[in-house]
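The primary structure of each chain is shown beneath.
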Amino acid sequence: MKPPGWLSVPWMRAFLALLLVLAVGAVWHADGAFFRWNTHRDMLRQVAVPGILACGMTLVIITGGIDLAVGSILGLCAVTFALLTIHCGWPAIVALPAVVLLGAAGGATSGTLVGRLRVQPFIATLALMVFARGLAKFIAGGQKISAAVLKPDGTFAYVALPPVFQHLDARLFGGNVAAVTLVFLGCVAVSWVVLTQLRYGRYLFATGGNEEAARYSGVPVTHARLLAYGLSGAFAAVAGICQAVQEQQGDPEAGVAYELTAIAIAVIGGNSLAGGRGAIGFTLLGALTIGYLEKILSINAVAQSSRLMLTGVIIVAAVLLQRRQLN
Amino acid sequence: MPDPSKPVLKLSGIGKSFGATRVLHDVDFDLRAGEVHVLAGENGAGKSTLIKILAGIHHDYDGMIELHGSAVRFVSPAAASRHGVAVIHQELSLVESMSIADNLQLGREAARGAGWWLNRRTSMGRAVAACRELGLNLSEADLARPAGEFPVAVKHQIEIAKALTGDVRVLLLDEPTSALHHGEVERLFRLIGCLKTRGVGVIYISHKMDEIYRIADRITVLRDGRRIGCGDRTTCPPATLVQWMIGRELSHHNRSRSVGSASAPVALTVTDLRVPHRDPRRPDLVRGVSFTVRAGEVVGLAGLQGCGASELLRALFGEAGGVTGTMGLGGDPYRPSSPREAIARGLALLTADRKATGLVPTISVERNITLAALPRFSRGGFLQRSVERGAARRQAAALGVRCASLAQSISSLSGGNQQKALLARWRETGPRVLLLDEPTRGVDIGAKHEIYERIREWVAPGMAVLMASTEMSELLALCDRVLVLHRGELAAEFASEGVTAEKILIAAMGEQPQSDPPFA
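As the structure is a computational prediction, the values presented were derived from the model and not from experiment.

### Here we look at the overall build of chain B
And then number 1: Broken down by element type, chain B carries 18 helices and 24 strands.
And then number 2: Considering chain B as a whole, with its 520 residues, one finds that 52% of them fall into the buried category.
And then number 3: Taking the intrachain contacts of chain B between residues at least 6 apart in sequence as the baseline, contacts between residues at least 24 apart amount to 65%.
And then number 4: Surface summary for chain B: the accessible area is close to 22,600 Å², and the carbon and sulfur share equals 51%.

Encoded structure:
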């Protein structure tokens, strides 16, 4: 069977997957729940954190790499942010950039290992994933960092949550849009600028497409990798902050296995793990697809076990669909 | 023993086209048992296409192949191998991390228990027997070591041993000595001699005269996809062979020379340049080469494969380690540490291997063209897309890149158009010195001539060009001077007046150019 012409456009294929999921939602709408804006608002709120991670993942995947450390960096940054703002009393204006810098430094470590020391991306980021998780637990002292502060005598004292928690977890526009959704869209916008407007964005594609040819053309491939992994780390920090404000605490276990969701989002949208091609728009579509899928399964009260199995099947189906049409 | 007078393998009227380009025209060829039949010809003559047909890689050809008198058509490499046709390609195909014994039997492992369990002892025994048969001096301990630990020469012999497991009647060797030492070549020749006595027919592809005349029983020459001649070694002296290979008309090719280049300023000086081999036990790749290139001049680097020309160009482009000697650009000292630095100093290098070091296949034609000149199109790190697009369009038009849209993927273009797009990439950087490594490899005749035209245009206002090529006609058509390299050393230098393909070829093969050639 020859596919129709419009399916040869990658964008159309990414849209098709989303439309199929939406159609499923329109059929199994759980007594009209799927047609209420609140459902969509909540989906957009829930998909924000993995979506932000997927933005960074997309940049790294385009260079032909992979970043397994984003979930752990999210946890580390959530703990650090909670600690700095709740316990140390840092003002948000200082704590926010500090935590983002911490994440960027983590990513830059992967970037240096991969770009300069030629460690395979899978190994380098796997090592950082384990290290950052350990560091998060070390900083948190095995506790969740929340408004309940453990006193030396063993009792808890409750301190007020700083206002940044309310501001970032707010619902805006008459309660119709979550603030973290806007943060996610901001990250999509930053990635779009990097990939399509900056010279370095072009270097990411060239590095992933053919590193040798890029080097012969004077492309600074080491720096391009450093930028991709550094930005991925910074996005993971932003996701960590969003996670902390939503949970109102810094949990050292936050973000476990989120890197896999981020990869799934990037790939389901149509980015190729082989590197050298891709777009942030694919990732946005992938985030919506995964987000709606989760939401539809949850409003229909599908058991967690079936949900996981279904998600696995759908990821494979979506990726096979993409490839079938490419030939 | 098969009847030696009847051919083992007979090809009649073989023709092959790629798209609209016909690369083989009605080629006849035959191979007798126990003979070495050399297939010679310039690059692009159609040798590799013919081999790929015999190896089962191309199977949509015209004409007929007969093996032992019955017609065959190999639809896959496996089919060719089943029929007893073994091919040793230039690139070796050993799994470097596996032991030699395992490599020798890859896909034919000795097994027991319904084929599920490996039988290591039988396997080692077979490997030992295979090596002994070919006279290879490898102990059992050696056979258990990974293939990657051995020098190229040994790997080559293992590759042959692997190809010869089973009942092999025809062995194809594609330029087997290009990566070998002198002593290693001797061993290979002994091995071939041993195969001849076993009645194996050997098709041997080579550029090197001395080799051809040592090993050949018969010689067939291809040029432009046609069989030009075939003869016994004794009835076909080197002079005839050279004439067949290059064609008479090329010796007086019309050239358009740049005028007054002798008074033009020097663009590039190279003094006593040495490039070591990555393996310090091997001889240097470039050994003490000195020359200059003037602005507006096209200087050719001629030589056989492995003569060091590519390595010389890479060293000039900052892509070689441990380089000694001095280089200068327009009078200033020059010692690049990376291609990035070389580009910033006004150099450009069109590499020989388009796929490995040229194309970025995942991005568009436009973005491939502008890749090396991106700093020109960005302000504060932001790309100025309209300026970029305009430049790409201008370069594509100037080079005559034919494509439906500049937004299409570069991998969808033909070889000639890909090469033009890569030339456009380097032209866009505005180089003072353009280095070209096999600028028309895998490019059809039409695109070739367009590329020559552009190069002539560019040198007129003062660009200097240094071009490595193994194609005589190309060197003769373009160059003001030709430097000939032999085993990394400068063997001869010719001005455009009076140089002929014969003279270049003789110098490239390591004969003294001033002495009379033995076959003149």
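### Remarks on the confidence of the model for chain B
Residues shown with low pLDDT carry predicted positions that ought not to be read at fine detail.
All names here are of chain B.
And then number 1: With 90% of its residues at a pLDDT of 70 or more, chain B shows a mean pLDDT of 84.
And then number 2: Scored below 50 in pLDDT, residues 249-255 makes 9 contacts in the model with residues more than four places away or belonging to other chains.
And then number 3: Per-residue pLDDT stays below 50 along residues 513-520; that stretch engages in 9 contacts with residues further than four places along the chain or on separate chains.

### Details of helix α11 (residues 221-247) of chain A
And then number 1: For α11(A), which comprises 27 residues, the first-to-last C-alpha distance of 39 Å matches the rise-based estimate of 39 Å (1.5 Å per residue) to within 8%.
And then number 2: One or two positions beyond α11(A), positive phi appears at Gln248(A), with a value near 55°.

### Details of the interface of chain A and chain B
And then number 1: Taken residue by residue, the interface counts 23 residues in chain A and 31 residues in chain B.
And then number 2: The largest share of the area that chain A buries against chain B comes from Arg199(A), Arg202(A) and Tyr216(A), three residues that together contribute 38% of it.
And then number 3: Remark: the boundary between chain A and chain B carries 2 salt bridges.
And then number 4: Of the charged contacts in the structure, one is a salt bridge between Glu319(B) and Arg215(A), with a shortest N-O distance of 2.2 Å.
And then number 5: At the level of elements, α8 (179-197), α9 (199-209) and α10 (211-216) of chain A are the ones that each hand at least two residues to the side of chain A that touches chain B.
And then number 6: Among the elements that take part in the side of chain A that touches chain B, α9(A) stands out by supplying 6 residues, more than any other.
And then number 7: Split into classes, the residues belonging to the side of chain A that touches chain B amount to 10 nonpolar, 8 polar and 5 charged.

### Side note on helix α4 (residues 70-87) of chain A
And then number 1: The end-to-end C-alpha distance of α4(A) is 25 Å, a good match for the 26 Å that 18 residues give at a rise of 1.5 Å each.
And then number 2: Counting buried positions along α4(A) gives 16 out of 18 residues, so the element sits mostly inside the fold.

### Thoughts on the packing of α9(A) against α11(A)
All names here are of chain A.
And then number 1: The contact between α9 and α11 brings their axes to 9 Å, and the two run at 105°. It follows that α9 is roughly perpendicular to α11 by the angle criterion. Here Tyr 200, Tyr 203, Leu 204 and Thr 207 of α9 lie close against α11, whose contacting residues are Val 221, His 223, Ala 224, Arg 225, Leu 227 and Ala 228.
And then number 2: Its residues placed into classes, the contact of α9 with α11 shows 7 nonpolar, 2 polar and 1 charged.

### Notes on the environment of Asp142(B)
All names here are of chain B.
And then number 1: Take Asp 142: it is sitting in helix α5 (residues 140-143).
And then number 2: Taking the C-alpha atoms as reference, Asp 142 lies 7.7 Å from Ile 100; in sequence the two are 42 residues apart.
And then number 3: Residues within four places of Asp 142 in sequence aside, it is in contact with Ile 100, Asn 137 and Phe 150.

### Details of the environment of Ile241(A)
Residues and elements named next belong to chain A.
And then number 1: Tracing the sequence through the fold places Ile 241 in helix α11.
And then number 2: Judged by its relative accessible area of 5%, Ile 241 is buried.
And then number 3: For Ile 241 and Leu 96, which are 145 residues apart along the polypeptide, the C-alpha to C-alpha distance reads 8.0 Å.
And then number 4: Apart from residues no more than four positions distant in its own chain, Ile 241 is found in contact with Phe 81, Leu 96, Val 99, Val 100 and Leu 168.

### Some thoughts on the domain arrangement of chain B
All names here are of chain B.
And then number 1: According to the domain assignment, chain B consists of domain 1 (7-250), domain 2 (265-346 + 431-520) and domain 3 (355-430).
And then number 2: The partner domain 3 presents 14 residues to the 18 residues of domain 2 that form the contact.
And then number 3: Interface area for domain 2 against domain 3, summed over the two sides, is near 1,200 Å², with a carbon-plus-sulfur share of 68%.
And then number 4: Its largest share of buried area at the contact with domain 3, domain 2 owes to Pro 431, Glu 450 and Trp 458, together 40% of the area lost on that side.
And then number 5: On inspection of domain 2 and its partner domain 3, the count reaches 2 salt bridges.
And then number 6: Between Arg 402 and Glu 450 there is a salt bridge, with the nearest N and O atoms lying 2.9 Å from each other.
And then number 7: At the junction of domain 2 with domain 3, the criterion picks out 3 residue pairs in polar contact (both at pLDDT 80 or more).
And then number 8: Secondary structure elements with two or more residues in the side of domain 2 that touches domain 3: β21 (433-437) and α16 (445-459).
And then number 9: Looking at the side of domain 2 that touches domain 3, the element that brings in the most residues is α16, giving 5 residues.

### What about the side chain of Ser217(A)?
And then number 1: Within the fold, Ser217(A) resides in the loop between α10 and α11.
And then number 2: Among the polar contacts made by the side chain of Ser217(A), one reaches the side chain of Arg425(B) at a distance of 2.9 Å.
And then number 3: Once residues within four sequence positions are removed from consideration, Ser217(A) is found in contact with Ile343(B), Leu371(B), Ala372(B), Arg425(B) and Trp426(B).

### A closer look at the packing of aromatic side chains
And then number 1: Here the structure, examined in full by the defined rule, presents 7 aromatic pairs over all chains.
And then number 2: With a centroid separation of 6.1 Å and an interplanar angle of 65°, the aromatic rings of Phe34(A) and Tyr292(A) are classed as edge-to-face. Remark: Tyr292(A) occurs in helix α13 (residues 280-299) and Phe34(A) occurs in the loop between α1 (10-27) and α2 (37-46); sequence separation between them is 258 residues.
And then number 3: A relative accessible area of 13% places Tyr292(A) in the buried class.
And then number 4: With centroids separated by 5.2 Å and ring planes inclined at 80°, the aromatic side chains of Tyr200(A) and Tyr203(A) adopt a geometry described as edge-to-face. Remark: Tyr203(A) and Tyr200(A) occur in helix α9; sequence separation between them is 3 residues, near one turn of the helix.
And then number 5: Taking relative accessible area as the criterion, Tyr200(A) reaches 24% and is therefore assigned partly exposed.
And then number 6: Among the aromatic residues, those joined into a ring-pair cluster are Phe34(A), Phe35(A) and Tyr292(A).
And then number 7: Over the face of the ring belonging to Tyr61(B) we find Arg73(B), whose NZ or CZ atom lies 4.1 Å from the ring centre.

Thresholds applied
- Residues numbered from 1 in each chain as written.
- Chains lettered and ligands numbered in written order.
- Predicted model: local features only at pLDDT ≥ 70, side-chain atom pairs only at ≥ 80, totals over all residues.
- Heavy atoms only, no water.
- Helix = DSSP H or I, 4+ residues; strand = E, 2+ residues; numbered from the N terminus.
- Buried < 20%, exposed > 50% of the residue type's maximum accessible area, 1.4 Å probe, protein only.
- Contact = heavy atoms within 4.5 Å.
- Areas by Shrake-Rupley, 256 points an atom, 1.4 Å probe, with all protein chains shown as cover.
- pLDDT = per-residue confidence, 0-100.
- Expected span 1.5 Å × (residues − 1).
- Buried area = accessible area lost by both parts, 1.4 Å probe.
- Salt bridge = Lys/Arg side-chain N within 4 Å of Asp/Glu carboxyl O.
- Nonpolar A, V, L, I, M, F, W, Y, C, P; charged D, E, K, R; others polar.
- Axes fitted to C-alpha atoms, helices over the stretch in contact; angles between N-to-C directions.
- Parallel < 35°, antiparallel > 145°, perpendicular 65-115°, else oblique.
- Domains from an automatic or database assignment.
- Polar contact = N/O pair within 3.5 Å; in protein donor to acceptor, adjacent residues only side chain to side chain.
- Phe/Tyr/Trp six-rings, centres within 6.5 Å; stacked < 30°, edge-to-face > 60°.
- Lys NZ or Arg CZ within 6 Å of the ring centre and 35° of its normal.

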